[in-house]
Amino acid sequence: MSAERAELRERALAAISAAREPSELARVEREFLGKDGALGKLLGSIRDVPPAERKAFGEGANELKRALEAALAERRAVLERERLAAERTDEHFDATLPARALAHGSLHPLTHVVRRLEQIFSSMGYAILDGPEVELDAYNFEKLNIPHDHPAREMHDTFWCDREQRLLMRTHTSPVQIRALEKMPPPFRAIVPGRCFRNETTDASHEHTFHQMEGLVVGEGITVGHLIGTMKTFLREVFQQELEVRLRPGYFPFVEPGFELDVRCPFCAQGCSVCKRSTWIELCPCGMVHPAVLKAGGIDSQRYTGFAFGLGLSRLVMLRYGIDDIRHLMGADVRFLEQF
Ligand code: PHE
């Protein structure tokens, strides 16, 4: 019996290595391992084997089956390699080299943060507004209570597009406050994420193009309490912890009273490089909308009050990701962007 098996093994291996085509290989496989194949016949003859030898016989047959399957797989791989090699027309072409990885895009860190903020504020009932980046002096300054000769204009190093038409690149997102007041009947809540521009010398914390997110809430009986509550809620969502805030007086012509809102450093307890060892981080200017602004937007300032804030988005992104130079954000350096 084992002689028969050895003969079968030899015949099968010879047929396998002689196969030149996958189809031929498949035929050989059927011939030896198929339903009515030679190996099946051999196994069938177990009936003629004395019972005492049947176990050894069965094991031998199974071993042969595994050996033939391995030989088939190996031959199949050889034929595939030969086929690829035959397809080569260029001798320098190596079909076995791994493929070049496909570069895939990713979202800008600013986009990540804006999307998160939009989620948070939408869940609090805020509308998401947009406004023109090329703006009229009237919206960027005048109606925001910054008249022509107001010294506050000097803080806004303005890029003028057309001085005669009084057209400029908006220096903040606050002009959209006026546009919202003109269009939306109170009560309403809105945020305005967007690009702003200032004609400044650039350094690690100044860039000519940067991002802000304006917030504006108008209604009857809106107070500083609502402002603080809103900021605390939003900070809890962003930093996933309860953070203390404080208000310092701040001056902006379009809010009264105006504040600088600081938040307790989420990264340390006793002072670190982010909070400059003070445990407080300056988060954003804010305040109660000045009655003159409400009037300029056509709102009854006797009946309605509101609050506004101007989040420095670029700053927030830098805080969130530990980025030390604002110029990275607009720098379009793929090595930087790929990290997010
Ligand atoms: N628009 C102001 C700036 O960019 C910030 C601000 C917005 C202040 C809203 C108060 C209220 O300087």
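Quick note: structure is the one above.
Computed from a prediction, not measured in an experiment: that's the story for all the values here.

On to unusual backbone geometry. Cis geometry marks the peptide bond from Pro186 to Pro187, where omega comes out at 5 degrees. Looking at the secondary structure, you find Pro187 in the loop between helix 7 (175–183) and strand 5 (188–197). Looking along the chain, the bond that leaves Glu256 and enters Pro257 is cis, with omega of 0 degrees. For Pro257, the position within the fold is in strand 8 (residues 255–264). With a phi angle near 55 degrees, Gln240 is a residue other than glycine that sits in the positive phi range. Within the element layout of this structure, Gln240 appears in the loop between helix 8 (224–239) and strand 7 (245–249).

With that settled, the discussion passes to the site of the ligand. By nearness alone, 14 residues border the ligand, and His172, Ser174, Arg198, Gln212 and Gly310 come closest of all. His172 places a side-chain nitrogen or oxygen 2.8 Å from a nitrogen atom of the ligand. Gln212 is positioned such that a nitrogen or oxygen atom in its side chain is 2.7 Å from an oxygen atom of the ligand. In the complex, the protein chains occlude 96% of the 330 Å² of accessible area that the ligand would expose alone. Of all the elements in the fold, those that place two or more residues in the shell around the ligand are strand 6 (209–219), strand 9 (280–289) and strand 10 (305–312).

Once that is clear, we can look at the side chain of Asp262. Examined against the element boundaries, Asp262 turns out to sit in strand 8. Here Arg248 takes part through its side chain, which lies 2.7 Å from a polar atom of the side chain of Asp262. The residues touching Asp262, leaving out its near neighbours within four places in the chain, are Glu244, Val245, Arg246, Arg248, Trp280, Ile281, Glu282 and Leu283.

When the terminal C-alpha atoms of helix 5 (residues 109–123) are compared, their 21 Å separation across 15 residues agrees well with the 21 Å that a helix rising 1.5 Å per residue should span. All of the buried residues along helix 5 are Pro109, Leu110, Val113, Val114, Leu117, Ile120 and Phe121. Burial along helix 5 is one-sided: seen end-on, the buried residues are contained in an arc of 130 degrees. In helix 5, the exposed residues that point more than 90 degrees away from the buried face are Gln119 and Ser123. Taken together, the buried residues of helix 5 touch strand 5, strand 6, helix 8, strand 10, helix 10 (313–321) and helix 11 (334–337).

Moving on, we get to the environment of Ala95. If you trace the backbone, Ala95 turns up in the loop between helix 4 (54–87) and helix 5. Sequence-wise, Ala95 and Val192 are 97 residues apart; in three dimensions their C-alpha atoms are separated by 53 Å.

Read from one edge to the other, the open sheet built from seven strands follows the order 1-5-6-10-9-8-7, with strand pairing classed as mixed. Single-partner strands in this sheet number two, and they are strand 1 (127–128) and strand 7. Along the sheet face, helix 7 touches strand 5, strand 6, strand 9 and strand 10 and points at about 35 degrees away from the line of strand 6.

Attention shifts here to the packing of helix 1 (residues 2–18) against helix 4. Relative to each other, helix 1 and helix 4 sit at 10 degrees, their axes nearing to 10 Å. Here helix 1 is positioned roughly parallel relative to helix 4, judged by the angle of their axes. Taken together, the residues of helix 4 that come into contact with helix 1 (itself represented by Arg5, Leu8, Arg9, Ala12, Leu13, Ile16 and Ser17) are Phe57, Gly60, Ala61, Glu63, Leu64, Ala67, Leu68, Ala71, Leu72 and Arg75.

Cut-offs applied
Residues numbered from 1 in each chain as written. Predicted model: local features only at pLDDT ≥ 70, side-chain atom pairs only at ≥ 80, totals over all residues. Heavy atoms only, no water. Helix = DSSP H or I, 4+ residues; strand = E, 2+ residues; numbered from the N terminus. Near = heavy atom within 4 Å. Polar contact = N/O pair within 3.5 Å; in protein donor to acceptor, adjacent residues only side chain to side chain. Areas by Shrake-Rupley, 256 points an atom, 1.4 Å probe, with all protein chains shown as cover. Contact = heavy atoms within 4.5 Å. Expected span 1.5 Å × (residues − 1). Buried < 20%, exposed > 50% of the residue type's maximum accessible area, 1.4 Å probe, protein only. Arc of directions from axis to C-beta. Pairing = 2+ DSSP bridges. Axes fitted to C-alpha atoms, helices over the stretch in contact; angles between N-to-C directions. Parallel < 35°, antiparallel > 145°, perpendicular 65-115°, else oblique.

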